Amino acid sequence: MDQPVLHLVERIQAGDEEALLALHARYASLVYSVAYRIMNDAMAAEEVTQDTFMRLWHKAALYDAGKGSFVTWLLTIARRIAIDTFRRQRRDPILNTLWIDDNIEQWENTLSVGQNGELARLMRVLMDDLPGEQRQAIELAYFYGMTHSQISEYVDLPLGTVKTRLRLGMEKLRAAWIADPSTDPASNDHA
């Protein structure tokens, strides 16, 4: 699957609009789900999706297959655009938000990219095992791009408390991730 994607990216770099349409057809719903997860607004997510593919059209030359998969690169662009848009609109991230466990199907669609679906499900389980206040801090930082100070102000807690929750949550995720044998790429190799 990567080879055709790389070929389409090369065609976009050469100015082939059909290649852009092909990648849009393949990945627009995934980009939209990431944007919606951050924006929690259908119209805003559609705009972010369109902006993401326009950025792809203009910046395709920046993609480097040696640094990671195309899907990861594209979703990183979408996430950054969504967070920037979210910040410009000064939205309240908690109002009408969908937490991971509130809409499992959407979360699965966002995370289940190709062969990483099992790892995505594991990460969701690990997130669900975190205490609520740690999960909330991680979600605000990652999905909404809030700084530690913004989280502190939003949840009305001291900055040190927010930093501690983030650190403890990340440490627990890391420890649980490392402890699970299914996260070891070597264990997935079939000799």
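For the structure itself, look to the data block above.
Bear in mind the structure is a predicted one, so any value in this text is a computation, not a measurement.

(A) The arrangement of the packing of aromatic side chains in detail. All told, the structure shown has five aromatic pairs when counted by the stated rule. Ring centres 6.0 Å apart and planes at 25° place the aromatic pair tyrosine 32 and tyrosine 36 in the stacked group. Note that tyrosine 32 and tyrosine 36 are positioned in helix 2 (residues 17–39) at a spacing of four residues, about one turn of the helix. By relative accessible area, which is 21% here, tyrosine 36 ends up partly exposed. Note on phenylalanine 70 and tryptophan 73: the rings are 6.0 Å apart at their centroids and 45° apart in plane angle, and the pair reads as tilted. In this pair, phenylalanine 70 and tryptophan 73 are both assigned in helix 4 (residues 70–89), three residues apart and thus about one turn of the helix distant.

(B) Region of interest: the pattern of salt bridges. Taken as a whole, this structure holds three salt bridges when the rule is applied. Notably, a salt bridge pairs arginine 11 with aspartate 16, separated by 2.7 Å at the nearest N-O pair. Assessed through its relative accessible area of 27%, arginine 11 is described here as partly exposed. Of the charged contacts in the structure, one is a salt bridge between glutamate 171 and arginine 167, with a shortest N-O distance of 3.4 Å. Note that glutamate 171 and arginine 167 are positioned in helix 9 (residues 159–179) at a spacing of four residues, about one turn of the helix. A relative accessible area of 36% places glutamate 171 in the partly exposed class.

Cut-off values and rules
- Residues numbered from 1 in each chain as written.
- Predicted model: local features only at pLDDT ≥ 70, side-chain atom pairs only at ≥ 80, totals over all residues.
- Heavy atoms only, no water.
- Phe/Tyr/Trp six-rings, centres within 6.5 Å; stacked < 30°, edge-to-face > 60°.
- Helix = DSSP H or I, 4+ residues; strand = E, 2+ residues; numbered from the N terminus.
- Buried < 20%, exposed > 50% of the residue type's maximum accessible area, 1.4 Å probe, protein only.
- Salt bridge = Lys/Arg side-chain N within 4 Å of Asp/Glu carboxyl O.

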